[in-house]
Amino acid sequence: MMKTLTTQAGPFYTKLAMILIILIAGGYLCILGKEVLSPLIFAMLIAIVLLPIASFLERRFKFHRSAAAGVSVVLMIVFVGLIFYMVGAQIADLGSDWPLFKLQLAASLKDFQHWISSTFHVNMAKQMAYVNSATSDLLTESTSVIGATVLSVSSMLLFLVFTMINTFFMLFYRRHIVRFLVVVCNEENAMVVYDIIAQVQYIIRKYIVGLLLEMAIVATVLCIVFWLLGIKYAMLLGIITGLFNIIPYIGIFTALLFSILVTFATAAGTTKILLVLVAVVIMHLIDSNVLLPMIVGSKVKINGLITLLGVIIGEMMWGVPGMFLSIPVIAIAKIVFDRVESLHPWGFLLGDEKDEQQPPPLKAEIAAETNTNPE
């Protein structure tokens, strides 16, 4: 039977007040600490995925812990760099079609104006006056838009740098961090702490690997389908759809809009645009009903309502990074709630009705990893 951390019960109103205070204070601190916590949590997830590689380098090739951590991080950077290179090369080629896009947009805008004129009886002069006014307002704000774009790119680069640095230090100090958690929770609860850490590693590693596998399958299938349909930039659209598919619920609609716009910009006919729409929707249905439950669903046991709320709250607090982090953070919270006696109802709330059996505890492995003498 799974061991749990026991806590003393108190009056209901006391517990309710403490829960509200913790939620409000925790949410406020998370918003204030976004710049620190966001790369730190990303680094923790990446470190969990890279831990087998670092451990393998230490055991098999006798790497020092710092060297093993550094090589693992470099491999991660190379992997991410290849993805960005493939997407960037395709986007650079897409820029060559910018004149065609402008012609296509001008023709479609003219047809749209004729439709408005015939349907709503608004003459072309009034429409052009409104368009010219909107264009002038856009040009006056172009400087601020460019400045915001440059600031956003620089912030993203700093975010990636801090994430990789934090990943290195988490891999290097992983045993020290585990010992700290054991000391904080008291020695008598050491086995429960080891079990929580082991389950977090198991769930997060399987979840992220499952997401990467799902992303690769979706991207590969859509690249082939778009290529067979004769869609220009088939590889770009397939890769973008696979990447955005990682974001639950919202990502697929963003990828669908991008695919339709790119297909429209390359002067494709209405038939091809509809084929792109149908292909993305069918792939999403297959992914949601077959791939996701088979690859990812068995790893993270969170019900759909909590998943949707987590994505929305994550976006409100941290933007796009919060949408990515919402499900792993909820999964970690559920593991902790299931092993703290007073938090069992919250773990039940986060879980699914058909909650699967927990994977076998790996606390012995964690204990061995922790008790190994540092090199």
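The structure presented is a predicted model; accordingly, all values stated were derived computationally and were not measured.

Engineer: It is not clear to me how the pattern of salt bridges should be interpreted in this structure. Could you clarify?
Structural biologist: Pairing is possible between side chains that carry opposite charge, provided their charged atoms lie close to one another. By the definition in use, this model includes four salt bridges. Overlapping salt bridges, with partners in common, bring together Glu-58, Arg-174 and Arg-175 in one network.

Engineer: Quick question: what am I supposed to make of helix 8 (residues 190-228) here?
Structural biologist: Working note: α-helix, 3.6 residues per turn, so residues spaced by three or four point in the same direction. Given a rise of 1.5 Å per residue, 39 residues ought to cover 57 Å, and the 57 Å separating the end C-alpha atoms of helix 8 matches this to within 8%. Looking at the residues trailing helix 8, positive phi occurs at Gly-230, about 75°.

Engineer: Got a minute to help me understand the packing of aromatic side chains in this structure?
Structural biologist: How two aromatic rings sit relative to each other is set out by the distance from centre to centre and by the angle between their planes. On inspection of all chains with the given rule, the structure shows seven aromatic pairs. Note on Phe-168 and Phe-172: the rings are 6.2 Å apart at their centroids and 5° apart in plane angle, and the pair reads as stacked. Note that Phe-168 and Phe-172 are positioned in helix 6 (residues 142-172) at a spacing of four residues, about one turn of the helix. Consider the rings of Phe-172 and Tyr-173, whose centres lie 4.7 Å apart with planes at 85°: the pair is edge-to-face. Joined through ring pairs, the aromatic side chains of Phe-168, Phe-169, Phe-172 and Tyr-173 make up one cluster. Above the plane of the ring of Phe-172 lies Arg-65, whose end atom (NZ or CZ) is 5.8 Å from the centre.

Engineer: Looking at this model, I keep getting lost on the packing of helix 7 (residues 174-184) against helix 8. Mind explaining?
Structural biologist: The angle between the axes and the distance between the axes are what describe a pair of packed helices. Where helix 7 contacts helix 8, the two axes come as close as 9 Å, and the packing angle between them is 135°. One finds that helix 7 runs oblique with respect to helix 8. When you trace helix 7 past helix 8, the crossing you get is right-handed. Facing helix 7, whose interface residues are Val-178, Leu-181 and Val-182, helix 8 presents Ala-190, Val-193, Tyr-194 and Ile-197. Among the residues making up the contact of helix 7 with helix 8, the classes are represented as seven nonpolar, no polar and no charged.

Engineer: For this particular structure, what's the right way to read a nonpolar patch on the surface?
Structural biologist: Judged by side-chain polarity, Leu-158, Val-161, Phe-162, Ile-165, Phe-169, Tyr-173, Ile-177, Phe-180, Leu-181 and Val-184 come together as a nonpolar surface patch covering roughly 910 Å² of accessible area. Breaking the nonpolar patch down by element, the ones donating at least two residues are helix 6 and helix 7. With five residues, helix 6 is the single largest residue contributor to the nonpolar patch. Tracing the sequence through the fold places Val-184 in helix 7. Residue class for Val-184 comes out exposed when judged on its relative accessible area of 52%.

Definitions and cut-offs
Residues numbered from 1 in each chain as written. Predicted model: local features only at pLDDT ≥ 70, side-chain atom pairs only at ≥ 80, totals over all residues. Heavy atoms only, no water. Salt bridge = Lys/Arg side-chain N within 4 Å of Asp/Glu carboxyl O. Helix = DSSP H or I, 4+ residues; strand = E, 2+ residues; numbered from the N terminus. Expected span 1.5 Å × (residues − 1). Phe/Tyr/Trp six-rings, centres within 6.5 Å; stacked < 30°, edge-to-face > 60°. Lys NZ or Arg CZ within 6 Å of the ring centre and 35° of its normal. Axes fitted to C-alpha atoms, helices over the stretch in contact; angles between N-to-C directions. Parallel < 35°, antiparallel > 145°, perpendicular 65-115°, else oblique. Left-handed = near helix turned anticlockwise from the far one by under 90°. Contact = heavy atoms within 4.5 Å. Nonpolar A, V, L, I, M, F, W, Y, C, P; charged D, E, K, R; others polar. Patch = residues over 30% accessible without salt bridge, like charges linked within 9 Å, V, L, I, M, F, W, Y side chains within 5 Å. Areas by Shrake-Rupley, 256 points an atom, 1.4 Å probe, with all protein chains shown as cover. Buried < 20%, exposed > 50% of the residue type's maximum accessible area, 1.4 Å probe, protein only.

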